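Coordinate analysis (summary)
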Amino acid sequence: MNDGGVVLSWQVIRQDDNGNRYRVGRYATRAEAQKIIDSLDDLGHHRLYWVERIAQPAQ
């Protein structure tokens, strides 16, 4: 997926206390995705978050 020509290859995933997983958002760089996790941690959102690379379809 892309946003105006920018490829959004990284996603932040959140796992709640019951093991349910949710995509928080998609981002262009791993660093940008990590910033989101850091900001959520700073706000006191004590959940499990991680960054995953999204496989791009073959062209």
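Right, let's walk through the structure included here. (Residues numbered from 1 in each chain as written. Predicted model: local features only at pLDDT ≥ 70, side-chain atom pairs only at ≥ 80, totals over all residues. Heavy atoms only, no water.)

**As for the environment of Y27**
Note the threshold: Under the scheme used here, helices are H or I runs from DSSP no shorter than 4 residues and strands are E runs no shorter than 2 residues, and both carry numbers assigned from the N terminus. For the exposure calls, accessible area comes from a 1.4 Å probe over protein chains only, and a residue counts as buried if that area is under 20% of its type's maximum, exposed if over 50%, partly exposed in between. By definition, residues are in contact when any of their heavy atoms lie within 4.5 Å.
Position of Y27 among the secondary structure elements: in strand β4 (residues 21-27). A residue is classified by how much of its surface remains accessible, and Y27, at 12% relative accessible area, is buried. When neighbours within four sequence positions are excluded, Y27 is seen to be in contact with V7, L8, S9, W10, V12, E32, A33 and I36.

**Structural notes on the nonpolar core**
Threshold: In these notes, a set of buried Ala, Val, Leu, Ile, Met, Phe, Trp, Tyr and Cys residues joined through side-chain atoms within 4.5 Å is what counts as a nonpolar core.
Counting residues in hydrophobic clusters, the biggest one holds eight residues: W10, V12, Y27, A33, I37, L40, Y49 and V51. Listing elements by their share of this core, those giving two or more residues are β3 (10-15), α1 (30-42) and β5 (48-53). Take this core: its biggest share by element is three residues, from α1.

**Some thoughts on the pairing of β3**
Quick reminder of the rule: Strand pairing requires that DSSP identify at least two bridges connecting the strands.
Most of β3 sits out of view: five of its six residues are buried. In this sheet, β4 lies alongside β3 in antiparallel orientation, the contact comprising six bridges. Within the sheet, the bridge partner assigned to W10 lies in β4 and is Y27. Hairpin connection between β3 and β4: a loop of five residues separates the two successive antiparallel strands, and G19 in this loop has a positive phi of roughly 90°. Of the pairings in the sheet, the one linking β3 to β5 comprises six bridges and is antiparallel in character. Counterpart to Q11 in the pairing with β5 is E52.

**Observations regarding the environment of R21**
Convention followed: Polar contacts, as used here, are pairs of N or O atoms within 3.5 Å; protein pairs need one atom able to donate a hydrogen and one able to accept it. Residues neighboring in sequence count only if both atoms are side-chain atoms.
When you line up the elements, R21 lands in strand β4. By relative accessible area, which is 57% here, R21 ends up exposed. Separated by 27 residues in sequence, R21 and L48 place their C-alpha atoms 9.5 Å apart. Non-local contacts of R21, meaning those with residues more than four positions away in its chain, are made with I13, R14, Q15 and W50. Of the polar contacts made by the side chain of R21, one reaches the side chain of Q15; its length is 3.0 Å.

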